[in-house]
Amino acid sequence: MSSIEKKPLVTDLYTADPSAHVFNGKIYIYPSHDRDIDVENNDNGDQYDMTDYHVYEMDDENTMPRDCGMVLDIKDIPWASKQVWAPDCAEKDGKYYFFFPARDKEGFFRVGVAVGDSPKGPFKAEPDYIKGTFSIDPCIFPDTDKNYYLTFGGIWGGQLDKYRNNVYNEANKEPEGDEPAMCPKIAKMNPDMKTLAEEPKDLVIVDENGKPLTGKDHDRRYFEDPWLFKKGDTYYFTYSTGDTHFLNWSTSKNVYGPYTFGGKILTPVLGWTTHHSILEYNGKWYLFYHDCELSNGVNQKRNVKFRELKFDANGAIITMDGMER
Ligand code: FUB
């Protein structure tokens, strides 16, 4: 086991929401940059008041990452007003596309894209957000057939529960009881990587009987933090349950789903949010995640970590203890 597993990977800044990828043989981490601010917490997530992004480069799983510097500042995003939250990045034809959410000038969360020539950035934001996107937590998934899919969405402060059929209504609420739970969204990207090729669709997660997870099922239903990867011919959709603080996994043979609930990846960590990504590196699989170890549990002062993730012979992800250090 690597000696830096389960340790804060960045100690001079607070970092969260790590999307990690292998580019050119190295591991790159695209986190949120939590500010060192003391503010009251609320369910709207106002305490997550981030204004820029850094990228981190790891030579391998045994070497602490180096800070590649600030790669995008909110003042250089023409359409954004505040709260640059969990980002992600993908490579296509030698260009790097950095996807990020932020509130627009009217206070609605949207997903934007910024483009760079290196995985280390810097990234230049497009003048406007990606039309048709809303809510938070973009994950950009490169499929083996060369199509790229954007998944996104988060409820409560992330506003997803205000949407039905991709239309906002302030009166909408998170489904309760036996109503089907809110679904994350998925849409194919156009080849330009800057526009959606289709209207976002629901990515449905079903139980062992094929029934969509319900609103009351807080231990299993989707809250935020979508991640997609493929192992063999199986798509894994992994996510956070938010208010019950689990990271869960589900599988499908079709990128659009439905995805069948599989189980838990990680039990709650120290801190309210739990957010992750998964990658394969030199034949092993790793979970990147965050907790609040450095700040002794202050929710908006998080730190990125990683640890090895294992599958059983049937492809089930083996559950890990989020409090283990
Ligand atoms: O970092 C702000 C928000 O907290 C993210 O967008 C969520 O996934 C949660 O980690």
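Residues numbered from 1 in each chain as written. Predicted model: local features only at pLDDT ≥ 70, side-chain atom pairs only at ≥ 80, totals over all residues. Heavy atoms only, no water.

(A) Region of the structure containing unusual backbone geometry. The omega torsion of the bond from G121 to P122 falls at -5°, within 30 degrees of zero and hence cis. Turning to its location among the elements, P122 is positioned in the loop between β8 (109-116) and β9 (124-125). The omega torsion across G257 and P258 is 0°, close enough to zero to call that bond cis. For P258, the location among the structural elements is in the loop between β19 (247-252) and β20 (259-266). Even without being a glycine, D17 presents a positive backbone phi close to 55°. (Helix = DSSP H or I, 4+ residues; strand = E, 2+ residues; numbered from the N terminus.)

(B) Main features of the packing of aromatic side chains. Throughout the structure, instances matching the rule amount to 33 aromatic pairs. Ring geometry for Y48 against W85: centres 6.1 Å apart, planes inclined by 90°, an arrangement best described as edge-to-face. Of this pair, Y48 sits in the loop between β2 (26-34) and β3 (52-58) while W85 sits in the loop between β5 (80-82) and β6 (88-92), and the two are 37 residues apart along the sequence. Each member of the pair, Y48 as well as W85, carries the same accessibility label: buried. (Phe/Tyr/Trp six-rings, centres within 6.5 Å; stacked < 30°, edge-to-face > 60°. Buried < 20%, exposed > 50% of the residue type's maximum accessible area, 1.4 Å probe, protein only.)

(C) Structural context of the pattern of salt bridges. With the rule as written, the count across this model stands at 29 salt bridges. Two residues, E324 and K6, come together in a salt bridge whose shortest N-O distance is 2.8 Å. Residue E324 is found in the segment after β23 (303-309), and its partner K6 is found in the segment before β1 (14-23); the two are separated by 318 residues along the sequence. Its salt-bridge partner being D17, residue R302 comes within 3.8 Å of it at the nearest N-O pair. In this pair, R302 is assigned in the loop between β22 (284-291) and β23 and D17 in strand β1, connecting sequence segments 285 residues apart. Taken together, the salt bridges that share partners define one network made up of K26, E57, D59, R66 and K120. (Salt bridge = Lys/Arg side-chain N within 4 Å of Asp/Glu carboxyl O.)

(D) Quick peek at the environment of N166. Structurally, the position occupied by N166 is in the loop between β12 (163-164) and β13 (167-168). Once the C-alpha coordinates of N166 and G283 are considered, the two residues, 117 residues apart in sequence, prove to be 39 Å apart. There is a polar contact of 3.2 Å between the side chain of N166 and the side chain of K185. (Polar contact = N/O pair within 3.5 Å; in protein donor to acceptor, adjacent residues only side chain to side chain.)

(E) View of the pairing of strand β21 (residues 276-281). By the criterion of burial, β21 is predominantly enclosed, with five of the six residues buried. Relative to β22, β21 runs antiparallel, the two sharing six bridges. Pairing of Y281 across the sheet is with K284, part of β22. Following β21, the chain reverses through two residues before pairing antiparallel with β22; N282 in that reversal takes a positive phi of roughly 50°. (Pairing = 2+ DSSP bridges.)

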